[in-house]
Amino acid sequence: MKDDCNGCKSFYYYSNDNSTAEIDFVIQTDHVYPIEVKAEENLKAKSLTQALKTNENLHGLRFSMSDYREEERMTNVPLYLAECFWKINWFVILQQLRK
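The notes below deal with the structure included here. Note that the structure is predicted; figures quoted are calculated from it, not measured. (Residues numbered from 1 in each chain as written. Predicted model: local features only at pLDDT ≥ 70, side-chain atom pairs only at ≥ 80, totals over all residues. Heavy atoms only, no water.)

**Side note on the overall build of the protein chain**
Filter applied, for reference: Under the scheme used here, helices are H or I runs from DSSP no shorter than 4 residues and strands are E runs no shorter than 2 residues, and both carry numbers assigned from the N terminus. Residue exposure (1.4 Å probe, protein chains only): buried if accessible area is under 20% of the type maximum, exposed if over 50%, otherwise partly exposed. We call two residues in contact whenever any of their non-hydrogen atoms come within 4.5 Å of each other. All accessible areas in this document rest on Shrake-Rupley with a 1.4 Å probe, and a residue is counted as covered only by the protein chains that are shown.
Looking only at helices and strands, the protein chain has three helices and six strands in total. N-terminal to C-terminal, the α/β element order of the protein chain is β-β-β-α-β-β-β-α-α. Within the protein chain, buried positions represent 33% of all 99 residues. Look at the contacts in the protein chain between residues 6 or more apart in sequence, and 37% of them connect residues 24 or more apart. Here the protein chain has roughly 6,600 Å² of accessible surface; of this, 50% comes from carbon and sulfur atoms.

Take a look at the structure:
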């Protein structure tokens, strides 16, 4: 896919037939960001949490109906901000927060 989302190099999807875990999207800029999308305020994100536990260098993104919040290894973005998230290049901001 061409570079059309403010510096995103590619969009990826991966699944494993032997697992019930699922990461909805993975985006790569200077870092890799696993993304989970929730259609409600359920913030459990079990698959994303498991991916973060097994990969210490990852910072996850969860899009849900809940408010914006920064957690130690995960950022929750409200669904209504999803389009803006890409347009204002939040990945640059997240990289600064990780330093």
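Next comes the rest of the description.
**Comments concerning the pairing of strand S3 (residues 32–37)**
For clarity, the cut-off: What makes two strands pair is DSSP finding at least two bridges between them. Orient the strands so they point away from the viewer; a crossover is then right-handed if the path from the first strand over the helix to the second runs clockwise.
Pairing geometry for strand S2 (residues 25–28) and S3, over four bridges, is antiparallel. Its bridge partner being in S3, isoleucine 27 is matched across the sheet by tyrosine 33. As judged from the three bridges shared by S3 and strand S4 (residues 60–64), these two strands associate in the parallel manner. In the strand pairing of S4, valine 37 is matched with phenylalanine 63. Between the parallel elements S3 and S4, the chain passes through helix H1 (residues 46–54) in a crossover that is right-handed.

**Thoughts on the side chain of serine 64**
For the record, the criterion: Polar contact is defined as a pair of N or O atoms within 3.5 Å, subject to the rule that within protein one atom must be able to donate a hydrogen and the other to accept it, and that residues adjacent in sequence are counted only when both atoms are side-chain atoms.
Structurally, serine 64 is set in strand S4. The class of serine 64 is buried, set by a relative accessible area of 0%. A polar atom in the side chain of serine 64 sits 3.0 Å from the side chain of asparagine 76.

**Structural notes on the pattern of salt bridges**
Selection criterion: The salt bridge definition used is simple: a Lys or Arg side-chain nitrogen within 4 Å of an Asp or Glu carboxyl oxygen.
Using the criterion set out here, one finds two salt bridges in the structure. Here lysine 38 and glutamate 36 are joined by a salt bridge, their closest N and O atoms 3.2 Å apart. In terms of burial, lysine 38 and glutamate 36 fall into one category: buried. The salt bridge involving arginine 62 is made with glutamate 71; its shortest N-O contact spans 3.0 Å.

**Re the side chain of threonine 75**
Mapped onto the elements of the fold, threonine 75 is located in strand S6 (residues 74–78). Classification of threonine 75 by relative accessible area gives buried; the value is 0%.

**Structural notes on the environment of isoleucine 35**
The topology assignment puts isoleucine 35 in strand S3. Counting along the chain gives 28 residues from isoleucine 35 to phenylalanine 63, while the straight-line C-alpha distance between them is 7.6 Å. Not counting chain neighbours up to four residues away, the residues in contact with isoleucine 35 comprise Ile23, Asp24, Phe25, Ile27, Leu61, Phe63 and Trp86.

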